[in-house]
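# Structural features, examined
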Amino acid sequence: MTNLSVSPIEEINTAIQDYNPFNSAAIDKVQSVWGKGFPDLNTLNAHASQKVLEIIKQVKTSSDSKDKVATLVVTGDPGSGKTQLIGRLRRRVIGDGSAVFIYVNTGKYGNLNLLRHQFLQTLIENLARVGSQEVTQWQEVAAAMANASNSSGQKTAAATIVKNFDKAYAKALQNHQNLLKKLSTQILKIKPDADPYILRAILWTLSEMYAPYAIEWLAGNELDQETANSMGLPTNAGKTSQEQEAEALGNIQQILRLVSDHKPVLICFDELETQGILSEDGFTKAQVIARLVKDVYDNLEQSGIGKGIVMLTVMFQSTWSKEITFYTETVSSVKDRLSTATQGNPISLKPLDSQFIVDLVALWLQKELYDPRDLKPHDPVYPFTESQLRDIGKGKPTVRETLDWCAKNYRPNVPISLEERFKRAVKASKEADLGDYLEDNDKIADALRFGFEQLIGETLEGETLTGQKLRQLTIESVDTDIKVVNSKAPAKNLSNQGYINFKVVGNEDDKNFVIGVAVIQKGNAAALGAGLKRLTAYERFGLTRGCLVRSKNKKINKTTNAYKLLEKLTSQAKGGEWAYLEAEQIRPLIDLYSVYQNCETYQLTQKQVAEFSKPQILENPLLREILSDPSGEIDSETIEDEELFGTLFDESSADDTANDDDLNDLFVA
């Protein structure tokens, strides 16, 4: 009699042949934390996650101000599941709304002497992610503030307040009232110690139009004068990096105090082990991050934190024993401040035993292979055997080592050619959920840079999709170290600050060129203007041409300085261009770069991946568009003609406290 609860072995084998779920383990850290994440075996390292959740409850309910800020350290070997633990905590606290979540990937911090400012920017970016109420975490906080100002005592859903805000603001202006000023005034009565500008910027995140500008300002970035005037904020103009660093800790404290009035805050520090980067005083990244945690702790302790703050730092066991313990011999109290909730002792992650490995592999196969295809295997760990997995468990491997073994031994009896491995690797990358990758400047820039690097030494000819010509063009190098090459060239004191991602150096038709490429997907004119300012500074940065890479649907308003700079870039004198970013052109490069980065997972070398990738890269239309002679035109579809800053933001001298009708419009469901 046929067992209908088990799928035919032919169907299962076909699925196994087409897709290796363990290859998806090699994805970016931020995506694994904020995205869908890996299948999570809740029993694995449950002691660590439960301790963190327990401390979040403690800081929330404690009446003693000394206990409102807590820190913990989790240690483990490389690949033991530290980032997976953070992802589990994110899903838990965002899922049930029990805490605001901040993920600090310090692996991206290159300048340890500007650490506070970089942490401030990370804090701002994380709060701009969607929280538990279908709006951003910033908007949750701002809505909670708005609700606190409602004299009726009514509590309106954050999504409703966000939906109503711009309409209510415009209606108030028609009545010669300023809704934002009135909200700020009301809230400052409740929170008299709050910085009025930071408070105002947080409230602006409720506006669909002005939220991006508010987030830029909170991160310490410059706004153009017109936008700043409209929002009632200083421009942040003219501040040096050192001045931004000096102000950052105070701003961090102000923001965390306001956010923690809404709900507890969980901050997770990860990726401390960057080799070869030292601060000016000779300390490692892990040691400097430890000092940052101490400084934040010391500044928040006794500062009236509402529902509490928990800071979790994850690191290798060797980092704790060799760097942090050594550091405390030089700088007292760092170790104690790093783990106050456990009396200075770290929580250790445990290696996998045989049963954990069997359970982990079965979960991955179920969630990633069988369930999505409605397949029911005869054995939950097929195509492996339980005895195989238990044997592996005797060696006490880490999670990563186990998944790597599974990826490499997924089809142990089926010989696969190198080219077939490459094709399957690209297919797996295409099927991976990258989240909103078109908003990730770094991911896009890395993929483009990778593409150009594979074309070094190649000669390109032909025509682009837009009809531009390539004439005997050869790429000689790709430079990511964007320095000022002429300090006397305008604009004075202008450094790159990461806006120009890289330079493509080469020769076309016996003429040398240096193309500066800047990916700027942020919607606001402030960030775009700052990038274009650098992209048009040819003499200062040693460019012959500038290329903005940006989606066509991210329109630019004619009234902004960014538009003037775009006109300058695309003028005949500058000869630059706006290369339109399209998903179908950049995603293949992202997939190829992902395979290149994680080649060992697919039993390939970087050289082999580069070789198999080159035919696709040679024909990539976006790379060719960036290299081709610009058209010198700006597509009218990319420009907004409507006035954004007309009467809507005309400041009135009328009494802002005349009535509350405009405030009430915020809370209409």
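To be clear, the structure that these remarks concern was listed above.
Okay, so let's go over this structure. (Residues numbered from 1 in each chain as written. Predicted model: local features only at pLDDT ≥ 70, side-chain atom pairs only at ≥ 80, totals over all residues. Heavy atoms only, no water.)

Both faces of the sheet carry side chains from a regular strand, because those side chains alternate between them. Strand direction decides the pairing type here: strand 6 (residues 459–463) and strand 7 (residues 469–479), joined by 4 bridges, are antiparallel. Along strand 7, the bridge assignment pairs Glu 463 with Lys 469. Counted along the chain from strand 6 to the antiparallel partner strand 7, the turn is 5 residues long, and its residue Gly 467 has a positive phi close to 90°. Judged from the 6 bridges that link them, strand 7 and strand 8 (residues 502–508) form a sheet pairing that is antiparallel. Opposite Ile 475, over in strand 8, you have Gly 506 as the bridge partner. (Pairing = 2+ DSSP bridges. Helix = DSSP H or I, 4+ residues; strand = E, 2+ residues; numbered from the N terminus.)

Read across the sheet, 5 strands follow the order 2-3-4-1-5 without closing on themselves; strand pairing throughout is parallel. Bordering the open sheet on either side are strand 2 (100–105) and strand 5 (347–348), each of which pairs with just one other strand. Bridge count for strand 2 against strand 3 (residues 265–270) is 6 bridges, and the pairing is parallel. Counted as the bridge partner of Phe 101 is Leu 266 from strand 3. In the packing of helix 12 (residues 241–260) onto the sheet, the strands contacted are strand 2, strand 3 and strand 4 (309–316), and the crossing angle to strand 3 comes to about 135°. (Contact = heavy atoms within 4.5 Å. Axes fitted to C-alpha atoms, helices over the stretch in contact; angles between N-to-C directions.)

So, on to the sheet that holds strand 10 (residues 545–551). The sheet built from 6 strands is open, its strands ordered 6-7-8-9-10-12 with mixed pairing. Each edge of the sheet is formed by a strand with only one pairing partner; in this case those strands are strand 6 and strand 12 (577–581). Across the sheet, the mean angle separating the axes of adjacent strands is 35° when strand polarity is ignored. By the bridge criterion, 5 bridges tie strand 10 to strand 12 in an arrangement that is parallel. Following the sheet pairing, Ser 551 is matched in strand 12 by Leu 581.

Another aspect to go through is the packing of aromatic side chains. Across all of its chains, the model carries 17 aromatic pairs by this definition. Plain terms: the ring middles of Tyr 210 and Tyr 213 are 5.5 Å apart, the flat faces sit at 50° to each other, and that makes the pair tilted. The pair formed by Tyr 210 and Tyr 213 is uniform in burial state, with each residue classed as buried. For the pair Phe 450 and Tyr 596, a centre-to-centre distance of 4.8 Å together with 50° between the ring planes defines the contact as tilted. Here the residue Phe 450 occupies a position in helix 20 (residues 441–454), and Tyr 596 occupies one in helix 24 (residues 583–597), the gap between them amounting to 146 residues. (Phe/Tyr/Trp six-rings, centres within 6.5 Å; stacked < 30°, edge-to-face > 60°. Buried < 20%, exposed > 50% of the residue type's maximum accessible area, 1.4 Å probe, protein only.)

Remember that the coordinates give geometry; whether it matters functionally is a separate question.
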